[in-house]
Amino acid sequence: MYSQPTFYKFSEDSTQLAAYASKLYQDNMKDLSILDLCSGCGVIGIEFCQDNPNVKKLCLIEPQEDYKIHIEKNLELLDSSIETEVLIKPFDRCDFPKRFDLILSNPPYFLLGSGREPEDERKLKCHFISREDFKVLMVLAKNLLNKNGIFLFLGREDQEIIQEYLRDDIIKVEKKLSKSLCTSESQFSLISKLADVCCI
């Protein structure tokens, strides 16, 4: 159904995240502005929009140029009434003036240096992120949220940097999701952050 690059395929946790978010917003708010951050081929944002009639605008931010053609192809699946915008740019160069009611993200889930890294640079960027870039991503999300906006992202609860944020009460675990295309024992957590009470 979705156009995807050969070097990476989205997994079920992306659609689970979209479905979970949709339940939070059904008949709850009108004219929603949504950001799919670290969007890949755009599955999470598109799935959310297809399940929620209240979306007015969907923006997608993805650092890898290879995804652009797939994002544009997949956006054709959306109702034409939804305004869309695509930004292909590294997170530390995102000077984005807009603010969003909901930000959804499935960022790379391993820290650089924590495991065997693929030789393909594109695969590496999909699966691994540096501690510094992770913090940049979190700060960017916080800065792009409307007041009372929500940021939902997938991450490994046992990951050191997540543990630090949990201890500091910056983020909280909302729901357990399984990472279906990884090892069966890999449990992932759905994590939420509220703009008006959290800071990094």
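Notes on the structure follow. (Residues numbered from 1 in each chain as written. Predicted model: local features only at pLDDT ≥ 70, side-chain atom pairs only at ≥ 80, totals over all residues. Heavy atoms only, no water.)

1. Examining the packing of helix H1 (residues 12-25) against helix H2 (residues 43-51)
Then comes step 1: One way to put it is that H1 packs onto H2 with a least axis distance of 8 Å and a crossing angle of 40°. Considering how the two elements wind past one another, H1 and H2 form a crossing that is right-handed. Along the contact surface, H1 presents Ser14, Thr15, Leu17, Ala18, Ala21, Ser22 and Tyr25, while H2 presents Val43, Ile44, Glu47, Phe48 and Asp51.
Then comes step 2: Taken together, the residues that form the contact of H1 with H2 break down as 7 nonpolar, 3 polar and 2 charged. (Axes fitted to C-alpha atoms, helices over the stretch in contact; angles between N-to-C directions. Helix = DSSP H or I, 4+ residues; strand = E, 2+ residues; numbered from the N terminus. Left-handed = near helix turned anticlockwise from the far one by under 90°. Contact = heavy atoms within 4.5 Å. Nonpolar A, V, L, I, M, F, W, Y, C, P; charged D, E, K, R; others polar.)

2. Section: helix H6 (residues 160-167)
Then comes step 1: For H6, the set of buried residues is Ile161, Ile162 and Tyr165. Seen from one end, H6 has its buried residues packed into an arc of 100°, which puts them on one side.
Then comes step 2: Backbone geometry just downstream of H6 places Asp169 in the positive-phi region, at approximately 60°. (Buried < 20%, exposed > 50% of the residue type's maximum accessible area, 1.4 Å probe, protein only. Arc of directions from axis to C-beta.)

3. Side note on the pattern of salt bridges
Then comes step 1: What the rule picks out here adds up to 4 salt bridges.
Then comes step 2: Two residues, Lys73 and Glu76, come together in a salt bridge whose shortest N-O distance is 3.7 Å.
Then comes step 3: By relative accessible area, Lys73 is classed as partly exposed at 47%.
Then comes step 4: Its relative accessible area of 58% is what places Glu76 among the exposed residues.
Then comes step 5: Salt-bridge contacts for Glu85 lead to Lys98; the nearest nitrogen and oxygen are separated by 3.3 Å. Of this pair, Glu85 sits in strand E3 (residues 83-88) while Lys98 sits in the loop between E3 and strand E4 (100-105), and the two are 13 residues apart along the sequence.
Then comes step 6: Judged by relative accessible area, which is 29%, Lys98 ranks as partly exposed.
Then comes step 7: Ionic contacts of the salt-bridge type, sharing partners, join the residues Lys57, Glu83, Glu85 and Lys98 into one network. (Salt bridge = Lys/Arg side-chain N within 4 Å of Asp/Glu carboxyl O.)

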